Amino acid sequence: MLPLLIACLPLANAFVTQSVLQKSSTGARPQHQIPLQGIDADEWESDFDDFDDSNDDVLKLSDVLQSRGADDLSACRSRQLSLGRDFVLSDFVGNMGFDEVTDWEYYYENEDDENDRKVVQPNPFDSATPRRTRSSSGSVIRLFRGELVGPLGGSLSAQGYDRRVLIKEFSGDMAMELARNELFAIAKLQSNLLRNEQSAQDGDWYRAASSRSVMERQDNNNVARLMHLLRDSPFVGILGECNLAEIDDMDPNEFYRAMSVKPPKPSAIWIIYEYPGMASVANYAQPAELRRQAIPPKKGFFGAVDPPPLPKFEQRANYVVKGILKGALEAMALQHDVGLVHRSIGRSSILLSSKAMDKREASSPYTTFLSQLHIKMADFGFAGLLEASADDPEFCTRARTFGLSFAKGERSIAVANFAIAEDMHALGFVAVGLLLSSLAEIKSVNDPVPATDEDTLQRLLGDIFDKDIAQFREYVEAEEVWANLVELLDRNDSAGWKVLETLFMARERAAKFKDSELILTARGLLSSPFFE
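Definitions and cut-offs
Residues numbered from 1 in each chain as written. Predicted model: local features only at pLDDT ≥ 70, side-chain atom pairs only at ≥ 80, totals over all residues. Heavy atoms only, no water. Helix = DSSP H or I, 4+ residues; strand = E, 2+ residues; numbered from the N terminus. Buried < 20%, exposed > 50% of the residue type's maximum accessible area, 1.4 Å probe, protein only. Areas by Shrake-Rupley, 256 points an atom, 1.4 Å probe, with all protein chains shown as cover. Polar contact = N/O pair within 3.5 Å; in protein donor to acceptor, adjacent residues only side chain to side chain. Contact = heavy atoms within 4.5 Å. Axes fitted to C-alpha atoms, helices over the stretch in contact; angles between N-to-C directions. Parallel < 35°, antiparallel > 145°, perpendicular 65-115°, else oblique. Left-handed = near helix turned anticlockwise from the far one by under 90°. Nonpolar A, V, L, I, M, F, W, Y, C, P; charged D, E, K, R; others polar. Salt bridge = Lys/Arg side-chain N within 4 Å of Asp/Glu carboxyl O. Core = buried A, V, L, I, M, F, W, Y, C linked by side-chain atoms within 4.5 Å. Expected span 1.5 Å × (residues − 1). pLDDT = per-residue confidence, 0-100. Pairing = 2+ DSSP bridges. Phe/Tyr/Trp six-rings, centres within 6.5 Å; stacked < 30°, edge-to-face > 60°. Lys NZ or Arg CZ within 6 Å of the ring centre and 35° of its normal.

- If you check an unreviewed UniProt entry, the protein appears there as Protein kinase domain-containing protein from Seminavis robusta.

Encoded structure:
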C-alpha cells in the first residue's frame, strides 16, 4: 500500500513518488538524447551464484568471502588497526547526517474505484501543495582526522605515501546499517582493484589481515600496496576498522581534552579511510569570485595584497567539465560496472581530491590543471547491489510512477536499468547545479545570482518547465551571469545540453526500454564532444 499524505487539501490527495536520501554535514539535473552504451545481458553475471563444496570437507577461503556478502580481497573488513600503535587521532572534523527527500504526486480519487486516480499538477507556487519535502536525520556519524604511526606509518612514509587517514565513527542502529553498506560496497570496489593481484586472489591478504598480530609485516606491505592502487581509484578507499574494545579503559576526560568531543560509545564502529581531503562539489559550487574573495589576504611589504585575478573562463570551464563532471561520471560508471548502485549521489558525496599532499589545491579557484585534480566518490552508506534493488519496497514504488511494475525481490535487467537511471538522474542535478554556480560570471560579491540549490532546480525542471530542456535553456539564457555558460553548452550542436538531458531523463529512458535485453550504462556519455 502506498503511504498516503493525510492533509486537508481541498483538491487532491497525495502519495509518495520518490524518497531519496542525501548526505548532509556540519562541522569545526535540445531534443536529441545521447544513446547509452549497452552491455549484453549474457555478460551480466550475478555475484551470488551458488557454489558447490560437496567434494571438499574443508571450507574454502572463497566460500568464506562469499558468505560475507561480497568479495573482500583487500581484507578491509577483516583488518583491525589499533589506536595508538597503528594510528593516532589529530582532530575532530565534524558531524554527518542525511536528508530524506520525498517527492509527492497529487491526484483525485474516484469514489467508485479507489484504484482509479487522476493525477493533477498542483500550483508550483502554492506552499500548501509541495512537490518536495525534506527531513533531516540529524548527526549520526562523527568525523576525525588521524595519522598512521608505528611500523605501518613508517612503511608508508618510506614509500612516499600519505600517512593521514580519515576516521568515521558510526554509532546507533541507523548508523550501523550505514556502516555495513559502506563496508560492503567499498570492499567490492577494492576487490575489483585487486583482480590482478595473485596474492589477494589466493587469500594471502585475508589471512594476513585476520592474523595481523602475528603477520603484521606482511599485512603492512599489503596496506602499502592498497594505498598505491587507491591513488588512482575514483572512490575513497577503506584500510580497515579500529577495535574500540581495546580502548575501553581510556579516560573520557583525556579524550575530551584532546578532541573537544565526547569519547566513542563502546558499541560504536570506527572505519579508517585513506585521506582524500575535505573539499567536495558542495564547497566548489559557488561563483569563482566568491571563492576568490574568501581567500585570506596575504601580507606584502606594504601591507595586505589583493588576491590575483581569476583564470580565464575557458580555463575554469575546462576544469569543471573535463575534470570534475567527467571524473564524477567515470566514478559512477565504475560502480555500475562492478554491480553496485550508489543511491545517494549528491554534491557532498563527490570529493575534489589531489595526488599532492595539499588536498586543498584541487578546490582552489586558481587551479585549472587537470593533473592536480582527482575525483573520488564517497559516502556509500545507502549503496547496494544493482540486482537486489527491488528488495526495497520504496524502489518499487518509485518505479511504478514511471510505468514499471516490479515485484518485491525481482531480479531482472529492467530492475538494474532503473536503479542505474536513478543514479544518473541524481548526478544530473549535481552537474547542472555545479555548472550554474561555479561558472556564473559575477563582477563583485554583491552581484545577484539566481538560486541553484537542488530543490530549486528540481522545481524548475520538473514542475515549471515539465522536463523540457529547451525551455530550461531559455531560462538560463535570460540571466546575464550565465551568458558564457550557455555559449559553452551550445557548442558542438548543443552537446552540453544533450548530456544534461540524458542524465535528467534517464529514468524515463529506462522505462521506455523496459523490455530491452541490454544493461544501460552511462559510459556512452564519456565520448560526448562536451568532454573532448
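Comments concerning the overall build of the protein
(1) Moving on: Per the secondary structure count, the protein includes 16 helices and 17 strands.
(2) Moving on: Buried residues in the protein amount to 53% of all 532 residues.
(3) Moving on: Entry remark: accessible area of the protein is about 25,000 Å², with carbon and sulfur atoms responsible for 49%.

Digging into unusual backbone geometry
(1) Moving on: For Ser 260, which is not a glycine, the phi torsion comes out positive at approximately 65°.
(2) Moving on: Relative to the helices and strands, Ser 260 resides in the loop between α7 (252-259) and β10 (269-274).
(3) Moving on: Relative accessible area serves as the criterion here: at 53%, Ser 260 is assigned to the exposed category.
(4) Moving on: The backbone phi angle of Lys 467 is positive, close to 65°, even though this residue is not glycine.
(5) Moving on: Along the chain, Lys 467 turns up in the loop between α13 (454-464) and α14 (469-477).
(6) Moving on: Residue class for Lys 467 comes out partly exposed when judged on its relative accessible area of 38%.

Description of α7
(1) Moving on: One side-chain oxygen at the N-terminal end of α7 lies 3.0 Å from the backbone nitrogen of Asn 253; it belongs to Asp 251.
(2) Moving on: Trailing α7 by a residue or two, Ser 260 shows a phi angle of about 65°, which is positive.

Quick word on the environment of Val 281
(1) Moving on: Considering the arrangement of structural elements, one finds Val 281 in helix α8 (residues 281-284).
(2) Moving on: Using a relative accessible area of 1% as the deciding quantity, one classes Val 281 as buried.
(3) Moving on: When the C-alpha atoms of Val 281 and Ile 375 are compared, they prove to be 9.8 Å apart, with 94 residues separating the residues in sequence.
(4) Moving on: Beyond its immediate sequence surroundings of up to four residues, Val 281 is in contact with Ile 324, Arg 347, Ile 350, Leu 352, Val 430 and Leu 434.

Remarks on the packing of helix α12 (residues 413-438) against helix α15 (residues 483-504)
(1) Moving on: Put simply, α12 and α15 touch, their axes get as near as 8 Å, and they point 155° apart. Looking at the two axes, α12 sits roughly antiparallel to α15. In terms of crossing hand, the pair formed by α12 and α15 is left-handed. Contacts between α12 and α15 involve Met 424, His 425, Gly 428, Phe 429, Ala 431, Val 432, Leu 435 and Leu 436 from the first element and Leu 485, Leu 489, Leu 500, Thr 502, Leu 503 and Phe 504 from the second.
(2) Moving on: Of the residues contributing to the contact of α12 with α15, the split by class is 11 nonpolar, three polar and no charged.

A look at the environment of Ala 75
(1) Moving on: Mapped onto the elements of the fold, Ala 75 is located in the loop between α1 (61-67) and β3 (80-81).
(2) Moving on: Residues Ala 75 and Trp 205, 130 residues apart in the sequence, show an inter-C-alpha distance of 6.2 Å.
(3) Moving on: Contact partners of Ala 75, with chain neighbours within four places excluded, come to Trp 205, Tyr 206 and Ala 209.

Brief notes about the pattern of salt bridges
(1) Moving on: For the coordinates displayed, the defined rule picks out 29 salt bridges.
(2) Moving on: In this structure, the salt-bridge partner of Arg 212 is Asp 86, at a minimum N-O distance of 3.0 Å. With Arg 212 in the loop between α5 (204-210) and α6 (216-230) and Asp 86 in the loop between β3 and β4 (87-109), this residue pair connects regions lying 126 residues apart in the sequence.
(3) Moving on: Between Arg 411 and Asp 391 there is a salt bridge whose closest N-O contact spans 2.7 Å. Of this pair, Arg 411 sits in the loop between α11 (393-400) and α12 while Asp 391 sits in the loop between β16 (384-385) and α11, and the two are 20 residues apart along the sequence.
(4) Moving on: The class of Asp 391 is partly exposed, set by a relative accessible area of 32%.

Observations regarding the nonpolar core
(1) Moving on: Counting residues in hydrophobic clusters, the biggest one holds 145 residues, and the most contacted among them are Phe 87, Ile 324, Leu 329, Ile 350, Phe 406, Leu 435 and Phe 472.
(2) Moving on: Broken down by element, this core gets its largest block of residues, 18 residues, from α12.
(3) Moving on: Leaving out residues up to four positions away in the same chain, Phe 87 has contacts with Leu 81, Ser 82, Glu 147, Leu 148, Val 149, Ile 167, Cys 242, Trp 270 and Ile 272.

A look at the side chain of Glu 274
(1) Moving on: With respect to the helices, strands and loops of the structure, Glu 274 is situated in strand β10.
(2) Moving on: Reaching out from Glu 274, the side chain makes a polar contact with the backbone nitrogen of Gly 237 at a distance of 2.8 Å.
(3) Moving on: Of the polar contacts made by the side chain of Glu 274, one reaches the side chain of Lys 376; its length is 2.9 Å.
(4) Moving on: For Glu 274, the contacting residues outside a window of four places in its chain are Arg 164, Val 165, Leu 166, Met 227, Leu 230, Ser 233, Phe 235, Val 236, Gly 237, Leu 239 and Lys 376.

Topic: helix α10 (residues 313-337)
Since one α-helical turn is 3.6 residues long, residues separated by three or four positions face the same way.
(1) Moving on: Taking 1.5 Å as the rise per residue, α10 with 25 residues should run 36 Å; its terminal C-alpha atoms sit 34 Å apart, in good agreement.
(2) Moving on: The element α10 is extensively covered by neighbouring structure, given that 18 of its 25 residues are classed as buried.
(3) Moving on: Backbone geometry just downstream of α10 places Gly 339 in the positive-phi region, at approximately 90°.

Some thoughts on the packing of α12 against α13
(1) Moving on: Where α12 meets α13, the axes come as close as 10 Å, and the angle between the chain directions of the two elements is 105°. The angle between the axes of α12 and α13 places the two elements in the roughly perpendicular class. Each of His 425, Phe 429, Val 432, Gly 433 and Leu 436 in α12 lies in contact with α13, whose residues at this interface are Glu 454, Leu 457, Gln 458 and Leu 461.
(2) Moving on: Class assignment of the residues belonging to the contact of α12 with α13 gives a composition of five nonpolar, three polar and one charged.

Notes on the confidence of the model for the protein
(1) Moving on: Averaged over the protein, the pLDDT score is 83; the fraction of residues at 70 or greater is 83%.
(2) Moving on: Counted against residues more than four places away or in other chains, residues 1-70, with its pLDDT under 50, gives 178 contacts.

A word on the pairing of strand β15 (residues 374-377)
(1) Moving on: Neither face of β15 is left uncovered, since the one carrying His 374 and Lys 376 and the one carrying Ile 375 and Met 377 both have all their residues buried.
(2) Moving on: Note: strand β14 (residues 350-353) against β15, four bridges, orientation antiparallel. By the bridge assignment, Leu 351 is partnered in β15 with Lys 376.

Some details on the packing of aromatic side chains
(1) Moving on: Enumeration over the complete set of coordinates arrives at 15 aromatic pairs.
(2) Moving on: Each residue in the set Phe 87, Phe 92, Phe 144, Phe 255 and Trp 270 is aromatic and connected to the rest through ring pairs, giving one cluster.
(3) Moving on: Above the ring of Tyr 273, the side-chain terminus of Lys 168 is found at 5.0 Å from the ring centroid.

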